[in-house]
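What follows is each chain in one-letter form.
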Amino acid sequence: SSPAQERGGSNSFNHEALTLKYKLDNQFELVFVVGFQKILTLTYVDKLIDDVHKEFRDKYRNEFQQKGALGLLNGTFDFKDDFLRLLREAEESSKVRAPTVMKTFEQSSKSQKTIKCMIETRGEKPKEKAKNKKNKGAKKEGSEAISASGKAAAGEKQPPAAGDREELTKDEILQKNREEFFKRHMKAGEKASKSPKPEAQKEKGKKPRVWDLGNSNAKVLDYSNSTTNGSSEACPAEEFDPDTALGDRNREPGRLYDLEYESDEEAEEEKVVQNPSKPSARKGGLGGMFGMLKGLVGSKSLTREDMDPVLEKMKDHLIAKNVAAEIAVQLCESVAKKLEGKVMGTFTTVTSTVKQALQEALVQILQPQRRVDVLRDVMDAQRQRRPYVVTFCGVNGVGKSTNLAKISFWLIENGFSVLIAACDTFRAGAVEQLRTHTRRLNALRPPESRGGRTMVQLYEKGYGKDAAGIAMEAISYARNQGFDVVLVDTAGRMQDNAPLMTALAKLIAVNAPDLVLFVGEALVGNEAVDQLVKFNKALADHSMAQTPRLIDGIVLTKFDTIDDKVGAAISMTYITSKPIVFVGTGQTYCDLRSLNAKAVVAALMKA
């Protein structure tokens, strides 16, 4: 047969009085041919050839795989019985569908209609139209059409004539069942929606406030709380629900969970489970195949030219995921250097090789050399009879105080006592914020349950004082009182503000904390680089020691607001090569996680 025929999908070939139909099996290189007389328009030939193909392939599959199709040519096949059985089945199946006989007028539903039901009354939907809509077998019936035809059909519920029932095809039966189902539902729905409606309409609308002349309403309108002259002692402790402060109730107390992020594979699997019926129409069959073949490179060594377009794409992808631009460039540079001249496997594409290398690089960046294990270090300090001191620093509004409170909660859960030093003596309300947190934390874990000792205390000296001095006093107070951990909250400061940066460096130099945590929000883009570089530079410039104290770890906050744009994590760890110790993921005390590098990389690589 000519290739044109093949492409047109008409895989038959006529020769004088015979017709040949054939089917190709590309996997095992087989051709199935069936021949019959042209005069016989056999309807079952297609079914027969499909069945024979399937049966034959399944029966001899193993031998094909071992010897190949050519090796089997001299073999013999006991396929005759199978073939005859399939032929019988095919013939039977074509007999079953006898042509439908036309109904007589008496059998049709039209004969049973009275003239009365054909008359249209004004204002009512024309019933015939509704019925026609139905019979088109459209799946998306509008609910109006359903209700209208439901009413129309209700009047004509005579049993169908005997001849009528047999000739219903599958589709018609389906259609009928569907109509009945809709009818039942419409009735149920109407019943349900009838009763409560009238009352609901009455309640709508806001009652207008009557403004009378004069000031009589002023008392009623005063919604503010009555407070006693604003002194902090008289300020009542606010009522709060421990459940909202804790968030997740069924978590294991004191455990720092990993960040959860479902990677591509899991998501894909879920999708597959949800709709197994839909064939994946992502790539056109051939297009997908050729795309793959085009990308496959035989085992050759990679050159810069091969990788450049891929790396360019990767760089844009990383920047779109919120990785700082200069870091995205450096990352792609290092991946290119690593891969240049590397020999690729036979069945790998340039893209997949670069992706793989980039992924490894990202995981490596996120898992820096030294892990910060806070609990272990706190225990060490305990043995030395001294408090473990943590200082929080960062720019304004990134969540230093909030995450300090979360970390306090985690430490209490692990049985350590905490002293919070309020060294933000600048921002209005900073001390009150910490006082509230302290009160809440003590309410969640009352001293009674801890052998009578308060687990959290606040050390504060009000506003306007020298932060470094307060920190120093707090540490010595903690040493005397036997606190396990001191958390020092500092004021937010912009990295360009030289005097404030100097003050921070002084605080850290004087008090020599065990851990300096930089608090950064996951929302930052290119700014992350600037912040960290300048914070570290300030600390180095103003340090008195030979080896300056720099940032030891990072707290990444507001991680719940960014979806999969997790690039900030990469930017921060790449600059400092220090680990992300905590990740803040929400508003409650339990929303603290440890970083899961694989999850972050999965989110980054997600298209």
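Residues numbered from 1 in each chain as written. Predicted model: local features only at pLDDT ≥ 70, side-chain atom pairs only at ≥ 80, totals over all residues. Heavy atoms only, no water.

You'll find the chain entered in an unreviewed UniProt entry as SRP receptor subunit alpha, with Apteryx owenii given as the organism. According to the UniProt record, the Subcellular location (unreviewed entry) comment for the chain reads "Endoplasmic reticulum membrane". For the record of the chain, the UniProt heading Sequence similarities (unreviewed entry) holds the text "Belongs to the GTP-binding SRP family." (UniProt positions renumbered as here; feature names shortened; annotations may be inferred.)

Draft legend 1. Region of the structure containing the UniProt feature "domain: SRP54-type proteins GTP-binding" (unreviewed entry) in the chain. In the numbering used here, UniProt assigns the feature "domain: SRP54-type proteins GTP-binding" (unreviewed entry) to residues 579-592. The distance separating the terminal C-alpha atoms of residues 579-592 is 15 Å; by composition the span is 0% helix and 43% strand. (Helix = DSSP H or I, 4+ residues; strand = E, 2+ residues; numbered from the N terminus.)

Draft legend 2. The arrangement of the sheet that holds strand β2 (residues 18-25) in detail. As summarised here, the arrangement of the 3 strands in space is β1-β2-β3, forming an open sheet in which the pairing is antiparallel. Each edge of the sheet is formed by a strand with only one pairing partner; in this case those strands are β1 (12-15) and β3 (30-37). Within the sheet, the average angular offset between the axes of one strand and its neighbour, ignoring direction, is 20°. As defined by bridge partners, β1 adjoins β2 across 4 bridges and the pair is classed as antiparallel. (Pairing = 2+ DSSP bridges. Axes fitted to C-alpha atoms, helices over the stretch in contact; angles between N-to-C directions.)

Draft legend 3. Representation of the sheet that holds strand β5 (residues 388-393) within the structure. The strand order β4-β12-β11-β10-β9-β5-β8-β6-β7 describes an open sheet built from 9 strands, whose pairing is mixed. Looking at which strands have only one partner, the edges of the open sheet turn out to be β4 (257-258) and β7 (456-459). Bridging between strand β11 (residues 580-584) and strand β12 (residues 592-594) involves 2 bridges; their strand directions are antiparallel. Counted as the bridge partner of G584 is L592 from β12. Strands β5, β8 (485-490), β9 (515-521) and β11 of the sheet are contacted by helix α16 (residues 374-383), whose axis makes an angle of about 135° with β5. Most of the contacts of helix α17 (residues 400-413) go to β8, to which it runs at about 170°, and overall it touches β5, β6 (418-423), β7, β8, β9, β10 (553-557), β11 and β12. (Contact = heavy atoms within 4.5 Å.)

Draft legend 4. Local environment of helix α14 (residues 325-339). Compared with an ideal rise of 1.5 Å per residue, which puts 15 residues at 21 Å, α14 spans 21 Å between its outermost C-alpha atoms and is within 8% of the ideal. For α14, every residue scored as buried is listed here: I327, A328, L331, C332, V335, A336 and L339. Here the buried face of α14 lies against α13 (304-320), α15 (350-366), α21 (527-541) and α22 (567-576). Two residues or fewer after α14 comes G341, characterised by a positive phi angle close to 80°. (Expected span 1.5 Å × (residues − 1). Buried < 20%, exposed > 50% of the residue type's maximum accessible area, 1.4 Å probe, protein only.)

Draft legend 5. Spatial organisation of the packing of aromatic side chains. Tallying each qualifying case throughout the model produces 8 aromatic pairs. Between F32 and F56, the aromatic rings sit 5.7 Å apart at their centres with planes inclined by 80°, giving edge-to-face as the arrangement. With F32 in strand β3 and F56 in helix α2 (residues 45-71), the pair connects residues that are 24 residues apart, well separated along the chain. As far as the burial class goes, F32 and F56 line up, both buried. (Phe/Tyr/Trp six-rings, centres within 6.5 Å; stacked < 30°, edge-to-face > 60°.)

Draft legend 6. Representation of the packing of α15 against helix α23 (residues 597-605) within the structure. Contact geometry for α15 and α23: axes closest at 9 Å, N-to-C directions at 140°. Between α15 and α23, the interaxial angle falls into the category oblique. Along this stretch, α15 crosses α23, giving a crossing that reads as right-handed. The segment α15 lies against α23, with K355, L358, Q359, L362, V363 and L366 engaging A597, V600, V601, L604 and M605. Across the contact of α15 with α23, the residue classes tally to 9 nonpolar, 1 polar and 1 charged. (Parallel < 35°, antiparallel > 145°, perpendicular 65-115°, else oblique. Left-handed = near helix turned anticlockwise from the far one by under 90°. Nonpolar A, V, L, I, M, F, W, Y, C, P; charged D, E, K, R; others polar.)

Draft legend 7. Representation of the nonpolar core. By size, the foremost hydrophobic cluster in this structure holds 114 residues, and its most contacted members are V354, V374, L411 and F582. Aside from chain neighbours lying at most four places away, what touches L411 is V374, L375, F416, V418, V485 and L487. (Core = buried A, V, L, I, M, F, W, Y, C linked by side-chain atoms within 4.5 Å.)

Draft legend 8. Molecular detail of the packing of α13 against α14. At a closest axis distance of 9 Å, the pairing of α13 and α14 adopts a crossing angle of 150°. Judged by the inter-axis angle, α13 sits roughly antiparallel to α14. Two packed elements cross with a definite hand, and for α13 against α14 that hand is right-handed. Residues R304, M307, L311, M314, K315, L318 and I319 of α13 form the contact with α14, whose participating residues are A325, A328, V329, L331, C332, E333, V335, A336 and L339. Within the contact of α13 with α14, the residues separate by chemical class into 13 nonpolar, no polar and 3 charged.

Draft legend 9. Quick peek at the pairing of β10. For β10, a buried count of 5 out of 5 residues is recorded, marking the element as mostly surrounded by other parts of the structure. Of the strand pairs in this sheet, β9 and β10 are connected by 5 bridges, and their pairing is parallel. From the neighbouring strand, L517 faces β10, where its bridge partner is G553. Chirality of the crossover, the property in question, places the unit of β9, α21 and β10 among those that are right-handed. Between β10 and its parallel partner β11, the chain crosses via α22, and the hand of that crossover is right-handed. (Right-handed = clockwise from strand over helix to strand, strands pointing away.)

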